[in-house]
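Residue strings, one per chain:
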Amino acid sequence: MSGQDGGISALMGELAVIPGREQEREVLAALGRILRSAGSGIREAGRGAGLGASHLLVLQLLEAQGPLKAGEIAKDLSFSKSTITAILDTLEERKFILRDRHEEDGRSVLVSLTDAGKRVLSLIPDTFQSHFLARFGKLPDWERALVLSALLRVSELLVAPPI
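Here the residue index of a chain counts from 1 through its sequence in written order. In keeping with the predicted nature of the model, local features appear solely for residues at pLDDT of at least 70, side-chain atom pairs appear and are counted solely at 80 or more, and the whole-chain, interface and lining totals rest on all residues. The basis for every side-chain value is the complete set of heavy atoms in the structure, and neither hydrogens nor water enter the calculation.

1. Observations concerning helix H4 (residues 70-77)
Because an α-helix packs 3.6 residues into every turn, residues spaced three or four apart end up facing the same way.
Right, so step 1: Burial here depends on accessible area, computed with a 1.4 Å probe over protein chains only, as a share of the maximum for the residue type. Under 20% is buried, over 50% is exposed, and the range in between is partly exposed. Helix and strand labels come from DSSP, where a helix needs a run of H or I of at least four residues and a strand needs a run of E of at least two; each type is numbered from the N terminus. Taken together, the buried positions of H4 are Ile73, Ala74 and Leu77. Considered in projection along H4, the buried side chains sweep an arc of 100° and stay on one side of the axis.
Right, so step 2: Residue contacts are defined here by distance: any two heavy atoms, one from each residue, within 4.5 Å place the two residues in contact. Close packing links the buried residues of H4 with helix H3 (53-65), strand S1 (68-69), helix H5 (81-93) and strand S3 (109-113).
Right, so step 3: Phi for Ser78, located one or two positions after H4, is positive at around 60°. Picture the helix axis, draw a direction to every C-beta atom, and the arc is the one those directions span.

2. Comments concerning H3
Right, so step 1: Here a helix's expected span is defined as the number of its residues, less one, multiplied by 1.5 Å. Compared with the 18 Å implied by 1.5 Å per residue over 13 residues, the 18 Å span of H3 between its first and last C-alpha is a close match.
Right, so step 2: Among the residues of H3, those classed as buried are His55, Leu56, Val58, Leu59, Leu61 and Leu62.
Right, so step 3: Looking one or two places after H3, you find Gly66, whose phi comes out positive at around 85°.

3. Observations concerning the side chain of Ser108
Right, so step 1: Here Ser108 lies in the loop between strand S2 (97-101) and S3.
Right, so step 2: Its relative accessible area of 10% is what places Ser108 among the buried residues.
Right, so step 3: When neighbours within four sequence positions are excluded, Ser108 is seen to be in contact with Lys69, Asp100, Arg101 and His102.

4. Let's talk about the sheet that holds S1
Right, so step 1: Paired strands, as defined in this entry, are two strands with at least two bridges between them according to DSSP. Taken in spatial order, the 3 strands of this open sheet run S1-S3-S2, and their pairing is antiparallel. The two strands at the open ends of the sheet, each matched to only one other strand, are S1 and S2.
Right, so step 2: Two strands pair when backbone bridges link them, and S2 and S3 are joined in this way by 5 bridges, in the antiparallel orientation. Counterpart to Arg101 in the pairing with S3 is Val109.
Right, so step 3: Packed onto the sheet, H3 meets S1, S2 and S3 and runs at close to 95° relative to S3.
Right, so step 4: Lines fitted to C-alpha atoms define the axes here, with helix axes fitted over just the stretch in contact, and angles between the N-to-C directions of these axes take values from 0 to 180 degrees. In the packing of H5 onto the sheet, the strands contacted are S2 and S3, and the crossing angle to S2 comes to about 110°.

5. What about the packing of H3 against H4?
Between two packed helices, the angle of one axis relative to the other and the distance separating the axes together describe the packing.
Right, so step 1: Between H3 and H4, the least distance of the axes is 11 Å, while the angle of their chain directions is 110°. The orientation of H3 relative to H4 falls into the category roughly perpendicular. Counting all contacts with H3, which are made through Leu57, Val58, Leu61, Leu62 and Gln65, the residues of H4 involved are Ile73, Asp76 and Leu77.
Right, so step 2: Tallied by class, residues from the contact of H3 with H4 come to 6 nonpolar, 1 polar and 1 charged. Oblique is the label for every angle not falling under 35 degrees (roughly parallel), over 145 degrees (roughly antiparallel), or within 65 to 115 degrees (roughly perpendicular). Classification used: nonpolar for Ala, Val, Leu, Ile, Met, Phe, Trp, Tyr, Cys and Pro, charged for Asp, Glu, Lys and Arg, polar for all others including Gly.

6. Describing the nonpolar core
Right, so step 1: Counting residues in hydrophobic clusters, the biggest one holds 21 residues, and the most contacted among them are Val58, Leu59, Leu62, Ile73, Leu88, Leu91 and Ile97.
Right, so step 2: Among the secondary structure elements, those contributing two or more residues to this core are H3, H4, H5, S3 and helix H6 (115-123).
Right, so step 3: The element best represented in this core is H3, accounting for 5 residues.
Right, so step 4: Excluding residues within four positions of it along the chain, Leu59 makes contact with Leu51, Leu91, Phe96, Ile97, Leu113, Val120 and Leu121. In this description, a nonpolar core means a group of buried Ala, Val, Leu, Ile, Met, Phe, Trp, Tyr and Cys residues linked to one another through side-chain atoms lying within 4.5 Å.

7. Overview of the packing of aromatic side chains
Here a ring pair, both rings aromatic, is described through the centre-centre distance and the interplanar angle of the planes.
Right, so step 1: Only rings of Phe, Tyr and Trp enter the pairing, Trp through its six-membered ring, and a pair is recorded when the two centres are within 6.5 Å. The plane angle decides the type: under 30 degrees is stacked, over 60 is edge-to-face, the rest tilted. Tallied over the full model, the rule gives 1 aromatic pair.
Right, so step 2: For the ring pair Phe132 and Phe136, a centre distance of 5.6 Å and an interplane angle of 20° mean the geometry is stacked. Of this pair, Phe132 and Phe136 both sit in helix H7 (residues 128-137), 4 residues apart, which is roughly one turn of that helix.

Have a look at this one:
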């Protein structure tokens, strides 16, 4: 796909005339590029801190949203409950998180970031996400809305139950 030189309308014109099979190949290639970029960015960032990508994602989520239940973390990051338990065990051993009983509901456990967890996050270099968001923020409003709409639809397609 060229599209770079003629702007978004030229790209949309090109995409409209691509045969179905070619569109499918282009979609899968684009998804592959996105996944490789995101995966390598988060792995690089985590490696510098001695953390796996999944561990880093959990710490970043807790930093952004504050204390959460383990199930909420699993749901937000699309991890199984057993996977999130193993990740939280490792992070707790390294003193990056705390698990405390919920004050209002004693059956629930809230996971929160410790000072050590905040420190390790502060040492991590800019990630793929921050570079993407910087470029995304420079797009005009209509184009940001278009990208967001497309990504939300793609995520729905990826997590939709089989028909």
